[in-house]
Amino acid sequence: MKRTYLLELSVGLFVALGIAALVFLALKVSNLAQVGVTDGYHLLARFDHVGGLRVRSPVTIAGVRVGQVSDIRVDPETFEAVVKLSIDPGYRLPSDTSAQIYTAGLLGEQYIALEPGGEEDYLGDGDEIALTQSAIVLERVLGQFLFQKAAGE
């Protein structure tokens, strides 16, 4: 009787650890572990196309996470995507900083990579990043390639 009780307890512990590992992995993949990050200052960036960028996507400089996307909306006048970035207060960015949307990982998670410039003035809360590069849309690239092939033959 004691042996079956010990076996059932160890199997239950193993299952509980497996469920905890799956929950941890799901939170990591969906970026829900960073939900409470609201400190810092906010910047705006305008893009023609944001691809699969989502709220809570990482914002990085040289591969180091320095913030996250806090809001994505469409400007009703220009029909551009306006992305609001929440940047950690320890990072001061020059006014000529550029922003690009890149894809990382096997799941195709998109993030914003910032490249600081050389200006002596810094961006402040509510400022806009002027130099941006939109996400690459694979369908457009393939369409252009196929169109060039068809026109060339």
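Please read these numbers as outputs of a predicted model, since none were measured by experiment.

1. Some words on the packing of aromatic side chains
For any pair of aromatic rings, the description rests on two quantities: the centre-to-centre distance and the angle between the ring planes.
Working step 1: By the definition in use, this model includes one aromatic pair.
Working step 2: Taking the centre distance of 6.1 Å and the plane angle of 55° together, the rings of tyrosine 102 and tyrosine 111 count as tilted.
Working step 3: Look at tyrosine 102 and you get partly exposed, because its relative accessible area is 32%.

2. A closer look at the nonpolar core
A general feature of soluble globular proteins is that nonpolar side chains tend to end up buried together.
Working step 1: Core analysis: the largest hydrophobic core is formed by 22 residues, its most contacted members being Phe47, Val59, Val83, Leu85, Ile112, Leu114 and Ile129.
Working step 2: Counting only elements with at least two residues in this core, the list comes to β1 (41-47), β2 (58-61), β3 (64-74), β4 (81-87), β5 (98-104) and β6 (109-115).
Working step 3: Each residue touching phenylalanine 47, except ones within four places of it in the same chain, is listed here: Glu80, Ala81, Val83, Ala99, Ile101, Ile112, Thr132, Gln133 and Ser134.

3. Some remarks on the pattern of salt bridges
Working step 1: Evaluated as defined, the whole model comprises three salt bridges.
Working step 2: Of the charged contacts, one joins arginine 46 and aspartate 75 as a salt bridge, the two residues approaching to 2.7 Å between their closest N and O atoms. Placement of the pair is arginine 46 in strand β1 and aspartate 75 in the loop between β3 and β4, with a sequence separation of 29 residues.
Working step 3: A relative accessible area of 25% places arginine 46 in the partly exposed class.
Working step 4: Between arginine 46 and glutamate 128 there is a salt bridge, with the nearest N and O atoms lying 3.2 Å from each other.

4. Considerations on the side chain of glutamine 110
Working step 1: Tracing the backbone through its elements, the reader meets glutamine 110 in strand β6.
Working step 2: When residues no more than four places from it in sequence are discounted, the contact partners of glutamine 110 are Val50, Gly51, Gly52, Leu53, Ser57, Pro58, Ile101, Tyr102, Thr103 and Ala135.

5. Concerning the pairing of β1
Working step 1: With burial as the criterion, only one face of β1 is covered, namely that bearing Tyr41, Leu43, Ala45 and Phe47; the residues His42, Leu44 and Arg46 on the opposite face remain uncovered.
Working step 2: Relative to β4, β1 runs antiparallel, the two being bridged by seven bridges. When the bridges of β4 are listed, histidine 42 appears paired with serine 86.
Working step 3: Where β1 meets strand β7 (residues 128-129), two bridges bridge the pair, whose relative direction is parallel.

6. Concerning the sheet that holds β7
Working step 1: Taken together, eight strands build an open sheet; the order of strands is β7-β1-β4-β3-β2-β6-β5-β8 and the sheet is mixed. The open sheet has two edge strands with one neighbour each: β7 and β8 (131-133).
Working step 2: With seven bridges joining them, β3 and β4 adopt antiparallel strand pairing. Following the sheet pairing, isoleucine 72 is matched in β4 by valine 83.

So, how was this worked out
- Residues numbered from 1 in each chain as written.
- Predicted model: local features only at pLDDT ≥ 70, side-chain atom pairs only at ≥ 80, totals over all residues.
- Heavy atoms only, no water.
- Phe/Tyr/Trp six-rings, centres within 6.5 Å; stacked < 30°, edge-to-face > 60°.
- Buried < 20%, exposed > 50% of the residue type's maximum accessible area, 1.4 Å probe, protein only.
- Core = buried A, V, L, I, M, F, W, Y, C linked by side-chain atoms within 4.5 Å.
- Helix = DSSP H or I, 4+ residues; strand = E, 2+ residues; numbered from the N terminus.
- Contact = heavy atoms within 4.5 Å.
- Salt bridge = Lys/Arg side-chain N within 4 Å of Asp/Glu carboxyl O.
- Pairing = 2+ DSSP bridges.

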